[in-house]
Every structure is written in structure tokens, then in C-alpha cells.
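# Structure at a glance
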Amino acid sequence: NGTLNITDLGGMGGTFTLFTYTGTLSGGGLTLGSTPAESIFTLNTATPGVVLLEIAPASFSAWSKVYFSGTLLVDPAISGPNATPAGDGISNLMKYALGLAPEISSTTGITLASSGGEWSITYQRPANRPDLTYAPEVSSDLANGRWTTSGVIHERLTTGDPEVWRGRVSASGGHLFLRLKVTQN
């Protein structure tokens, strides 16, 4: 039996092996005690012989501390939610929302498709993003910027971490444009 207390991460995140073992883990004696509020901590015993500690940021601010430090962390043009330090046009907020690294150029994360009279936008996201709202939106006219969630069915396709979500809408009625809107709560 034991309690694991964590006092400071210093911007650390990821999955860490606490210990390995042979035989059977029983009794559920290992628990998390005090932990910093900026992250979400999970003990994972799903794989026989290994106990993992999974650390995920609980906010955009905590995520930023994982990837940026010093002068970069205080420069909104580099680490702010609308910044695109990789130059790929994907904002830091969207990369946080999709579980991507901000400094690496990416073309992954969102897929658009048409099938069976429907358009869909599918995306993969971390399970623990309590500070965000995800909303697939549709518009028939980009010129007027009339985006709406009306008529969009938003559904989780897989659970676990990461999760896969899809927004789908009927393809009838002419041209449609789809986007994933992410906002901080």
C-alpha cells in the first residue's frame, strides 16, 4: 500500500512508468494523494506487469508550460492561443485541442469526407480537455460567415485516450463548408 504525492511538475506531461512487477497486482493499494491542480493525473494498471502515471494538462496554460519556457512562454506571438509557431496555419489552441505539438508542422488531426448523402468532419482529441468546447459547424456561404451547429450531429466514435469524434450533416441543399470550432470555457 502506498500514496503518491506530487508537488511540482515544472511543465512536465506524458506517460511515465512508475514500476514494473511480476505476478499479480492486488489490493489496489496505490493511490494518488496531493497533486498540482494544473494537470490531470491517472494511475494506469491496464497492462499486466506495469504501473503507469499519465499526466495531462488541465488547461491551455498548463499545456503551454510543457512546450514553451522563459521568454517564449511570455510572448503571445509564440505561445499564445492564436499563435502558429510551426508556420502551418494551425493555432496553438487548435493544437492543444487536438493533442498536437505546437512547434511541429502538422497536416493531421481533422478529416473531411462525403458518404451516403452526408458530409462529415472527423477529429481525434485528448480525452481530458475540460477547459474546451468543441463544435463542428456548417455554413452554406463563406462570404457572410454564417456558421451554425444547426443540423450537425456531433458524436463520439471511440472512447479512451485519444477519443475520435465526428460531426456529420446532410449533403442536400447545395454547397456546404465544414469547420471545427474550439473555444476556451
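The structure reproduced in this document is the subject of the present report. All values derive from a computational prediction rather than experimental measurement. (Residues numbered from 1 in each chain as written. Predicted model: local features only at pLDDT ≥ 70, side-chain atom pairs only at ≥ 80, totals over all residues. Heavy atoms only, no water.)

The next subject is the nonpolar core. Counting 20 residues, the largest nonpolar core has L132, Y134, L180 and V182 as the members making the most contacts within it. Counting residues per element, the ones that place at least two in this core are α1 (60-67), α4 (92-98), β7 (118-125), β8 (132-139), β10 (163-170) and β11 (177-184). (Core = buried A, V, L, I, M, F, W, Y, C linked by side-chain atoms within 4.5 Å. Buried < 20%, exposed > 50% of the residue type's maximum accessible area, 1.4 Å probe, protein only. Helix = DSSP H or I, 4+ residues; strand = E, 2+ residues; numbered from the N terminus.)

Consider a sheet: its strands pair through backbone hydrogen bonds, and that pairing is either parallel or antiparallel. Across the sheet, which stays open at both edges, the three strands sit in the order β2-β5-β4 with antiparallel pairing between neighbours. Pairing within the sheet leaves two strands with one partner each, and these edge strands are β2 (14-20) and β4 (39-44). Ignoring strand direction, the axes of neighbouring strands in this sheet form an average angle of 20 degrees. With six bridges joining them, β4 and strand β5 (residues 50-57) adopt antiparallel strand pairing. Paired with I40 across the strands is A56, a residue of β5. (Pairing = 2+ DSSP bridges. Axes fitted to C-alpha atoms, helices over the stretch in contact; angles between N-to-C directions.)

Further remarks concern the packing of aromatic side chains. A full pass over the atoms with the stated rule returns six aromatic pairs. On the numbers, 5.4 Å between centres and 35 degrees between planes, the contact of F60 with W63 is tilted. Of this pair, F60 and W63 both sit in helix α1, three residues apart, which is roughly one turn of the helix. Look at F60 and you get buried, because its relative accessible area is 7%. Where W63 meets Y67, the ring centres are 5.1 Å apart and the plane angle is 55 degrees; that geometry is what we call tilted. With W63 and Y67 both in helix α1 and four residues apart, this pair spans about one turn of that helix. Taking relative accessible area as the criterion, W63 reaches 3% and is therefore assigned buried. Among the aromatic residues, ring-to-ring pairing joins F60, W63, Y67 and Y96 into one connected group. (Phe/Tyr/Trp six-rings, centres within 6.5 Å; stacked < 30°, edge-to-face > 60°.)

With that out of the way, let us pick up the side chain of E137. Following the sequence through the fold, E137 ends up in strand β8. Given the relative accessible area of 8%, E137 is considered buried. Within polar-contact distance, the side chain of E137 engages the side chain of R179 at 2.7 Å. Setting aside residues up to four positions removed in sequence, E137 forms contacts with W147, T148, T149, F177, L178, R179 and K181. (Polar contact = N/O pair within 3.5 Å; in protein donor to acceptor, adjacent residues only side chain to side chain. Contact = heavy atoms within 4.5 Å.)

This part takes up a nonpolar patch on the surface. Judged by side-chain polarity, L18, F19, L25 and L30 come together as a nonpolar surface patch covering roughly 300 Å² of accessible area. With respect to the helices, strands and loops of the structure, L30 is situated in strand β3 (residues 30-32). (Patch = residues over 30% accessible without salt bridge, like charges linked within 9 Å, V, L, I, M, F, W, Y side chains within 5 Å. Areas by Shrake-Rupley, 256 points an atom, 1.4 Å probe, with all protein chains shown as cover. Salt bridge = Lys/Arg side-chain N within 4 Å of Asp/Glu carboxyl O.)

Turning our eyes to something else, we now look at the pairing of strand β9 (residues 153-158). Pairing of β9 with β10, which is carried by five bridges, proceeds in the antiparallel orientation. Across the sheet, residue I153 finds its bridge partner in β10, namely R168. In this structure, the hairpin formed by β9 and β10 is closed by a connection of four residues, where G160 is found at a positive phi of approximately 100 degrees.

Right, let's get into the environment of E118. Within the fold, E118 resides in strand β7. Owing to a relative accessible area of 26%, E118 belongs among the partly exposed residues under this scheme. Residues in contact with E118, not counting those within four places in the same chain, are A113, R168, V169, S170 and A171.

Here the focus is the layout of surface pockets. Approximately 460 Å³ is the volume attributed to the largest pocket. Looking at the largest pocket, it is lined by 22 residues, and the ones nearest its centre are I55, A56, P126, R129 and D161. Broken down by secondary-structure element, the contributors of at least two residues to the lining of the largest pocket are β2, β4, β5, α1 and β7. Per-element tally for the lining of the largest pocket: the top contributor is β5, with four residues. (1 Å grid on protein atoms, 1.4 Å probe; cavity = no way out; pocket = protein on both sides within 12 Å on 5 of 7 lines; lining within 4 Å. Points joined across faces, edges and corners; volume = space filled by probe spheres on them.)

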